[in-house]
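Residue-level structure breakdown
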Amino acid sequence: MTDPQRPLAALMPIQTITRQGVTHPFGDERTVKQAFPNPIPSEESDPFLMCDYFDAPSTGMAQHPDDFPINWHPHSGFDICSYLKKGFGRHGDSLGNRETFEAPGMQWISTGSGVEHAEGGATPAGQAVEGFQIWINVPADKKRLDPRYGTVPTQDLPALPLNEGKSTVRILAGEAFGTKGPFETVQPVQMLDFELQPSDEVSFPIADDFDTTILYVYDGELTHLNHQTGSHSQSSAIPQGSVILMDASMPDKRLIELKAGHQGASVMVFAGRKLRQPIAWHGPIVLNTQDEINETIRAIRSGQFPPVRVQWDYKKIASKPKE
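Keep in mind it's a predicted model, so treat the numbers as computed, not measured. (Residues numbered from 1 in each chain as written. Predicted model: local features only at pLDDT ≥ 70, side-chain atom pairs only at ≥ 80, totals over all residues. Heavy atoms only, no water.)

A closer look at the overall build of the protein chain
Short version of the rule: Segments assigned H or I by DSSP are reported as helices when at least four residues long, segments assigned E as strands when at least two residues long, and all are numbered from the N terminus. For the radius of gyration, the atoms used are the C-alpha atoms, and the globule rule reads 2.2 Å times the number of residues raised to 0.38. Think of it in three bands: residues with accessible area under 20% of the maximum for their type are buried, residues over 50% are exposed, and the middle band is partly exposed, with areas taken using a 1.4 Å probe on protein chains only. A contact between two residues is defined here by any heavy atoms of the two lying within 4.5 Å. Areas reported here follow the Shrake-Rupley algorithm with a probe of radius 1.4 Å; residue values treat only the protein chains shown as occluding. Counted charges follow a simple rule, with Lys and Arg positive, Asp and Glu negative, and His plus the chain ends left uncounted. By convention, charge coordinates are those of NZ in Lys, CZ in Arg, CG in Asp, or CD in Glu.
If you tally the helices and strands in the protein chain, you get 2 helices and 26 strands. Computed over its C-alpha atoms, the radius of gyration of the protein chain comes to 20 Å, within 12% of the 20 Å expected for a compact globule of 323 residues. On the principal axes, the C-alpha backbone points of the protein chain span a range of 60 × 45 × 40 Å. For the protein chain, the proportion of its 323 residues judged to be buried stands at 53%. Taking the intrachain contacts of the protein chain between residues at least 6 apart in sequence as the baseline, contacts between residues at least 24 apart amount to 74%. Accessible area for the protein chain stands at about 14,400 Å²; split by element, carbon and sulfur atoms hold 49% of it. Averaging the positions of the 28 positive and the 40 negative side-chain charges in the protein chain gives two centres separated by 3 Å.

Take a look at the structure:
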């Protein structure tokens, strides 16, 4: 199936095919798979900062409304998307939000000048929790905007049938196939999740002004990805765990063409416009200079972070004023 909204263009060339990384985001034995910044560095994934993919059994549900397996921690200077394909998401933050949502669904934060939040504890023990956490950078002049938050339940997350219903694409952000995704990022991007049935194929264009495009084959395999790699055509199988950096610099070569192997394929597509700005990255804080990082750390230590927050103790839901 081809996106009917635009005329066909030449196929976008492949720049690099590499393997997903493995990282320890919690500082313990728990691991997640990563499409970027390991193995695709931030200069090449710009404006995307991070994509973690997790698929593991839940350790159980929280026993108290104020308990979260991923405890309270700060964020500042970028947008976050938590996209779940299996399990239940649960979230609390310094804006006073407390929400639980069922997969497939999405929770997002535009962290702006800063938020504190906590996550997890909504999926029964042993049940699978599968999904992604994706970070997207924002321009320097918008990093101090007030934070925003939203939850997107299943019924509001566009899932479009492809090829007479054989396959599906979920549109998380940006526009594709005549439909706009619900995550309104500060920096324009396109994020699509394709679930392709065995041997099914799809083609679609990347926006003319997007100069970053990354494909992440997180399940199954692609075959006959007939894009040029230098002077050669790449048509051999591309297995699960592959991360494909496309050369999105050419205005006349905008088309992406995917064909699933015999086991089908699940592929995340990330496309966006590069910021080309300095990145100062300290754990959950992404700004432009080390001085800005230091200033934020001082604010955290002095209790002045986040600057925009509810007036009650958001870490204790019982203190929330009655409406």
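Now that the structure has been shown, we can carry on.
A look at the pairing of strand E12 (residues 128–137)
Worth spelling out the cut-off: A strand pair is defined by DSSP finding two or more bridges across the two strands.
Counting buried residues along E12, 9 of its 10 residues qualify, which places the element largely inside the surrounding structure. As defined by bridge partners, strand E5 (residues 48–57) adjoins E12 across 9 bridges and the pair is classed as antiparallel. Its bridge partner lying in E12, Asp55 is registered against Glu130. Where strand E7 (residues 78–86) lies against E12, 8 bridges are found, and the strand directions are antiparallel. Paired with Ser82 across the bridge in E12 is Gln133.

Some remarks on the nonpolar core
What counts is decided by this rule: Throughout this description, the term nonpolar core refers to a set of buried Ala, Val, Leu, Ile, Met, Phe, Trp, Tyr and Cys residues connected via side-chain atoms within 4.5 Å.
By size, the foremost hydrophobic cluster in this structure holds 29 residues, and its most contacted members are Phe177, Phe194, Phe204 and Leu258. Of all the secondary structure elements, the ones that give two or more residues to this core are strand E14 (159–162), strand E15 (167–173), strand E18 (189–196), strand E19 (201–205), strand E20 (212–222), strand E23 (242–246) and strand E24 (253–272). In terms of nonpolar packing, the next biggest core, distinct from the first, is built from 27 residues, Ile40, Ile136, Tyr216 and Met268 among them.

A short note on the sheet that holds E12
Note: strands within a sheet are paired through backbone hydrogen bonds, in either parallel or antiparallel orientation. So the rule is basically this: Helix axes are fitted to C-alpha atoms over the stretch in contact, other axes to C-alpha atoms as well, and angles between N-to-C directions run from 0 to 180 degrees.
The 7 strands are arranged E3-E4-E5-E12-E7-E10-E13 in an open sheet whose pairing can be described as antiparallel. Unpaired on one side and paired on the other, strand E3 (21–23) and strand E13 (148–152) mark the two borders of the sheet. Strand-to-strand, the axes of this sheet are offset by a mean angle of 20°, without reference to chain direction.

A short note on unusual backbone geometry
Note that the residue after Asp46, namely Pro47, is joined by a cis bond; omega there is 15°. Positionally, Pro47 belongs in the loop between helix H1 (42–45) and E5. In this structure, the amide linkage connecting Phe305 to the following residue, Pro306, adopts the cis form with an omega of -5°. Examined against the element boundaries, Pro306 turns out to sit in the segment after helix H2 (290–301). The phi torsion at Asn163 lies on the positive side, around 50°, for a residue other than glycine. For Asn163, the location among the structural elements is in the loop between E14 and E15. Despite not being glycine, Phe177 shows a phi value in the positive range, around 55°.

Concerning the UniProt feature "domain: Pirin N-terminal" (unreviewed entry) in the protein chain
Applied cut-off: UniProt positions are given in the numbering used here, feature names are shortened, and annotations may be inferred rather than shown by experiment.
According to UniProt, the "domain: Pirin N-terminal" (unreviewed entry) feature falls on residues 34–136. Taken as a whole, residues 34–136 contains 4% helix and 57% strand, while its terminal C-alpha atoms sit 14 Å from one another.

Topic: H2
Put simply, the test is: In this analysis, the expected span of each helix is defined as 1.5 Å times one less than the number of residues it contains. Our arc is simply the arc of the directions from the helix axis toward the C-beta atoms.
Between the first and last C-alpha of H2 there are 16 Å, a value that for 12 residues agrees with the 16 Å anticipated at 1.5 Å per step. For H2, every residue scored as buried is listed here: Ile293, Thr296, Ile297 and Ala299. What you see down the axis of H2 is that its buried residues fit within an arc of 160°, all on one side. Exposed side of H2, more than 90 degrees from the buried face: Asp291, Arg298 and Arg301 are the residues found there. Buried-residue contacts for H2 involve strand E25 (280–282) and strand E26 (285–287).

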